[in-house]
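# Residue-level structural notes
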Amino acid sequence: MGAGTEPAEARSIYLDHNATTPLAPEVAQAVRDAMCQAWGNPSSSHPAGRKAKELISSARESLARMVGGRLEDIVFTSGGTEANNMVIHAARRHFRESQARPGDSWGTPHIVTSSVEHDSIRLPLEQLVKEGLVEATFVAVSPRSGQAEVDDLLAAIRLTTCLVSIMLANNETGVIMPVVELSQRIRALNERRAAEGLPRILLHTDAAQMIGKGRVDVHELGVDYLTIVGHKFYGPRIGALYVRGPGTTTPLHPMLFGGGQERSFRPGTENTPMIAGLGQAAELVSKNWEAYEAHMRDVRDYLEARLEASFGKQRIHFNSHFMGSKRLCNTSNFSILGPGLQGRRVLSHCKMLLASVGAACHSEKGDRPSSILLSCGIPYDVAQNALRLSVGRDTTRADVDLVVQDLLQAVAQLDQDQAL
């Protein structure tokens, strides 16, 4: 090996962009600039405070433009988990406060969601159910489409339903959910419910995985709430909640009480540098999302073609190919079939590939297969071997070639161990 030559194993290729993304250089610069130049308290009236406040207002405009909303519809949060919890809290409280007269009762508020949501939807609902504060229906996805079907979601609605929450795209399979059709059907249903004096059903979508990988327009989607997560689109680890007319058209109630920032919906001195970074990340998405989408789709499709060519069609099972369903441009969930090839074991034998077997939040669950894949009808032994590779803006076909070679050597090693 020549002087200064890096050993092959020192090179790593990151294909876990659904878990998190690196900061875009422009975003890192925006964060640094704000730290140095906009350090004032945004609530202060002197020039240092005004500078910080202007930066926050500019970032709010950038986020609104990215999702097709208005500046006043954006509320900054610590991340997606807080935004999702805020929606559940707001819907539950709105249901309780909408009783016609004191003493009236529609009963316990009911929330409809799917069986493949992120834990920041599932776990708050399970906790509230345990406390007797809400009832919840987790609608199974169709093994045919991988989607929560609109008819199934509507069939779960009761007189006491106050919220339907469905992710825009699944983080493991990449399947895009039918939110547009769902919102159209719920709008018509709400008109009938209003005439009967029944509570309005609010609609929320968690767009964490979709932003930066496809078109996201709140008017097209027809939602009341939409969750924005910065670190999924090359931004910092904060987030925002889009609310269609917060506190007027659409209910929003604070979970925290304090200094009145964010119009008292989310008090606490604003994290100006991270908000500035989030605004810059949103600008990049608004300008470039179509180019990002085309590039990632090309590289992902090349990856799947190389996997089939290298391992043979009989040995590769694509867990995210569902007839008639669209999926995220960057996501490939597949299993390499055979004994002893559990996803974690394959990854542990890879020398370059950095990827996951599913959602990063579930990384401690050992060799138990993903509950999301099982919900989608993937057989247990196939799901156990699953790998989720999610390409990014900078992933190249050359990277894919190296990753496929890495997987081949890992599987050859495991096959040899299995034969002993």
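For the structure itself, consult the block above.
Below is a summary of the structure that appears in this document. Note that the structure is predicted; figures quoted are calculated from it, not measured.

### Looking at the environment of Ser370
Of note, Ser370 is situated in the loop between β11 (353-354) and α10 (371-375). Here the alpha-carbon distance between Ser370 and Arg92, two residues 278 residues apart in the chain, equals 30 Å. For Ser370, the side chain forms a polar contact with the side chain of Glu172, separated by 2.6 Å.

### Remarks on the nonpolar core
Of all hydrophobic cores here, the largest spans 92 residues; its most connected members are Ile211, Leu226, Ile228 and Leu407. It is helix α8 (residues 272-311) that provides the largest number of residues to this core, a total of 15 residues. Apart from the residues within four sequence positions on either side, Leu407 is in contact with Leu307, Phe311, Phe334, Ile336, Val346, Cys350, Leu353 and Leu387.

### With respect to unusual backbone geometry
Even without being a glycine, Tyr234 presents a positive backbone phi close to 65°. Turning to its location among the elements, Tyr234 is positioned in the loop between β7 (225-229) and β8 (239-243). Given a relative accessible area of 7%, Tyr234 falls into the buried group.

### A few points about the side chain of Thr205
Note on placement: Thr205 falls in strand β6 (residues 202-206). Residue class for Thr205 comes out buried when judged on its relative accessible area of 0%.

### Some details on the pattern of salt bridges
Considering all chains together, one arrives at 25 salt bridges under this definition. Between Asp224 and Arg200 there is a salt bridge, with the nearest N and O atoms lying 3.0 Å from each other. You can see Asp224 sitting in the loop between α7 (218-221) and β7 and its partner Arg200 sitting in the loop between α6 (179-195) and β6, a full 24 residues away along the chain. Taking the relative accessible area as the measure of exposure, Arg200 reaches 28% and is therefore partly exposed. Measuring nitrogen to oxygen at the nearest pair gives 3.2 Å for the salt bridge that ties Glu293 to Arg297. Placement of both Glu293 and Arg297 in helix α8 is noted, with a separation of 4 residues, approximately one turn of the helix. Within this structure, Arg65, Glu283 and Lys287 form a network of salt bridges that share partners.

### A look at the sheet that holds strand β5 (residues 161-165)
Taken together, the 7 strands give an open sheet; going across it, the order is β2-β8-β7-β6-β5-β3-β4, and neighbouring strands pair in mixed fashion. Each edge of the open sheet carries a strand with a single partner, namely β2 (74-77) and β4 (135-139). Across the sheet, the mean angle from the axis of one strand to that of its neighbour is 20°, orientation sign disregarded. Across the sheet, helix α2 (residues 47-67) is in contact with β2, β7 and β8; its angle to β2 comes to roughly 115°.

### Thoughts on the packing of α2 against α8
Where α2 meets α8, the closest approach of the two axes is 8 Å, and the angle between their N-to-C directions is 30°. In the packing of α2 onto α8, the handedness of the crossing is left-handed. The residues of α8 that touch α2, namely those facing Ala52, Leu55, Ile56, Ala59, Ser62, Leu63, Arg65 and Met66, are Thr272, Ile275, Ala276, Leu278, Gly279, Ala282, Glu283, Val285 and Ser286.

### Structural notes on the side chain of Ser120
You can see Ser120 is positioned in helix α4 (residues 119-130). Taking the relative accessible area as the measure of exposure, Ser120 reaches 7% and is therefore buried. At 2.9 Å, the side chain of Ser120 forms a polar contact with the side chain of Asn84. Side chain to side chain, Ser120 and His118 meet in a polar contact 2.9 Å long. In contact with Ser120, other than residues within four places in its own chain, are Gly80, Thr81, Asn84, Asn85 and Ile88.

### Things to note about the pairing of β5
Counting buried residues along β5, 5 of its 5 residues qualify, which places the element largely inside the surrounding structure. Note that strand β3 (residues 110-114) and β5 share 4 bridges and pair parallel. Bridge pairing in β5 links Val112 to Val164. Sheet topology note: the β5/β6 ladder contains 3 bridges and is parallel.

### Section: the sheet that holds strand β10 (residues 331-336)
If you trace the 3 strands from one edge of the open sheet to the other, you get β9-β10-β12, paired in antiparallel fashion. Of all strands in the sheet, those with a lone pairing partner are β9 (316-318) and β12 (386-390), marking the two edges. Strand-to-strand twist across the sheet, computed as the mean angle between neighbouring axes with direction ignored, equals 30°. Pairing geometry for β9 and β10, over 3 bridges, is antiparallel. Across the sheet, Ile316 pairs through a bridge with Ile336, a residue of β10.

So, how was this worked out
Residues numbered from 1 in each chain as written. Predicted model: local features only at pLDDT ≥ 70, side-chain atom pairs only at ≥ 80, totals over all residues. Heavy atoms only, no water. Helix = DSSP H or I, 4+ residues; strand = E, 2+ residues; numbered from the N terminus. Polar contact = N/O pair within 3.5 Å; in protein donor to acceptor, adjacent residues only side chain to side chain. Core = buried A, V, L, I, M, F, W, Y, C linked by side-chain atoms within 4.5 Å. Buried < 20%, exposed > 50% of the residue type's maximum accessible area, 1.4 Å probe, protein only. Contact = heavy atoms within 4.5 Å. Salt bridge = Lys/Arg side-chain N within 4 Å of Asp/Glu carboxyl O. Pairing = 2+ DSSP bridges. Axes fitted to C-alpha atoms, helices over the stretch in contact; angles between N-to-C directions. Left-handed = near helix turned anticlockwise from the far one by under 90°.

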